[in-house]
Amino acid sequence: MRRDHRPYWMHRAWEAYENAWVSHFVKAHFEALGPDPKIVRPWNMEVFGPNIRVGRALHVVTRRDQPVSFTVWSPGDVPGSITIGDCCFFAGGVRLLAGGSITIGDGALIAKSVTITDSDWHGLYDRIDPRPASKPVTIGRNVWIGDGAFVGKGISIGDNAVIGARSVVTRDVPANTVVAGNPARPVKELDPDGPFKTRMDMLGDPKGLNAFMENAYKDALKGNSTLGWFRSRLFPRAGD
């Protein structure tokens, strides 16, 4: 489809359905989930394990073939945790795997199919240890991690850093640094004074942003009809 054929009422009904799904089926699995979460197709998201805490305005976009999983493996007396700040974004296919601790700062952008893990999950010699060794992963504020990147155990990524697509991060990344490659190496330094525009700026006024988005949808879907939507789904034609 070249455009969205849904009438405005259908958009509102779909959003209400997604929000109700999050409230009923997803929220209970978090230790804490802040206000104003937006999870697209939340039935494709898995939250497993204890101590998973998220701040306000979490934004997750999933697809059936790109589920998102936040997983804490915490056997017995080894309490693992995932802590995510405010206004963070996670695209489809993201996996957070914590045996100890993963911490992600405010405003992080985590792109499609990124894996962040604090453990190798198996030893070189002992492949069956139920308590595999872990080292904390810490990701700063306003960090952008590109498509398909891998962040391994014990890594610290500083504020505003950018991780290039398909990068494999095996060493700490300083703040305001762009890295890329396998293993990831610095390719550019950012001006620490920016000025940076972040998701914190965009989501600083949730009610105002919501009003802006609703007006944008009203304008984009103006003139659409229920009958026209059915026709586009059942009998698509050139230009749809």
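In this text, all values refer to a predicted model and were calculated from it rather than measured experimentally.

Engineer: Got a minute to help me understand unusual backbone geometry in this structure?
Structural biologist: What is expected of a backbone is that most residues other than glycine have negative phi and most peptide bonds are trans. Between Asn182 and the following residue, Pro183, the backbone shows a cis peptide bond with an omega angle of -5°. Its location among the elements puts Pro183 in the loop between strand 19 (177-180) and strand 20 (185-189). The amide bond that connects Gly194 to the next residue, Pro195, takes the cis arrangement and shows omega of 5°. Following the sequence through the fold, Pro195 ends up in the loop between strand 20 and helix 2 (199-202). The backbone phi angle of Cys87 is positive, close to 60°, even though this residue is not glycine. Tracing the backbone through its elements, the reader meets Cys87 in the loop between strand 7 (81-84) and strand 8 (89-90).

Engineer: Just checking my understanding: could you explain the environment of Ile39 for this structure?
Structural biologist: Following the sequence through the fold, Ile39 ends up in strand 2 (residues 38-40). Under the relative-accessibility criterion, Ile39 is labelled buried at 1%. In sequence terms Ile39 and Ile155 are 116 residues apart; their C-alpha atoms lie 27 Å from each other. Among all residues touching Ile39, those that are not within four sequence positions of it are Glu18, Val22, Val26, Met45, Leu58 and Val60.

Engineer: What should I look at first to understand the sheet that holds strand 6 (residues 68-72) in this one?
Structural biologist: The strands that make up a sheet are held in pairs by hydrogen bonds between backbone atoms, and each pair lies either parallel or antiparallel. Here six strands make up an open sheet; going across it, the order is 3-6-9-12-15-18 and the pairing parallel. In this open sheet, the two edge strands, each paired with only one partner strand, are strand 3 (45-48) and strand 18 (168-169).

Engineer: For this particular structure, what's the right way to read the nonpolar core?
Structural biologist: A general trend in soluble globular proteins is that nonpolar side chains are found buried together. With 41 residues, the main nonpolar core has Phe30, Phe70, Phe90, Ile104, Ile116, Ile145 and Ile157 as its most contacted residues. Every element with two or more residues in this core is listed here: helix 1 (8-26), strand 3, strand 4 (52-54), strand 6, strand 7, strand 9 (95-98), strand 10 (101-104) and strand 13 (137-139). Per-element accounting of this core gives the leading share, three residues, to strand 6. When sequence neighbours within four positions are dropped, the list of residues in contact with Phe70 reads Phe30, Met45, Glu46, Val47, Phe48, Ile52, Ile82, Ile84, Phe90 and Leu96.

Engineer: What is the right way to look at the pattern of salt bridges in this model?
Structural biologist: Side-chain pairing between opposite charges can occur once the charged atoms of the two side chains come close. Counting across every chain of the model gives nine salt bridges. Here Glu214 and Arg12 are joined by a salt bridge, their closest N and O atoms 3.8 Å apart. On the criterion of sequence distance, the pair formed by Glu214 in helix 3 (residues 206-220) and Arg12 in helix 1 is long-range, its members being 202 residues apart. A residue is classified by how much of its surface remains accessible, and Arg12, at 42% relative accessible area, is partly exposed.

Engineer: Quick question: what am I supposed to make of the side chain of His11 here?
Structural biologist: Within the fold, His11 resides in helix 1. Other than its neighbours up to four places away in sequence, His11 contacts Arg6, Glu214, Tyr217 and Leu221.

Each value, and the rule that gives it
Residues numbered from 1 in each chain as written. Predicted model: local features only at pLDDT ≥ 70, side-chain atom pairs only at ≥ 80, totals over all residues. Heavy atoms only, no water. Helix = DSSP H or I, 4+ residues; strand = E, 2+ residues; numbered from the N terminus. Buried < 20%, exposed > 50% of the residue type's maximum accessible area, 1.4 Å probe, protein only. Contact = heavy atoms within 4.5 Å. Pairing = 2+ DSSP bridges. Core = buried A, V, L, I, M, F, W, Y, C linked by side-chain atoms within 4.5 Å. Salt bridge = Lys/Arg side-chain N within 4 Å of Asp/Glu carboxyl O.

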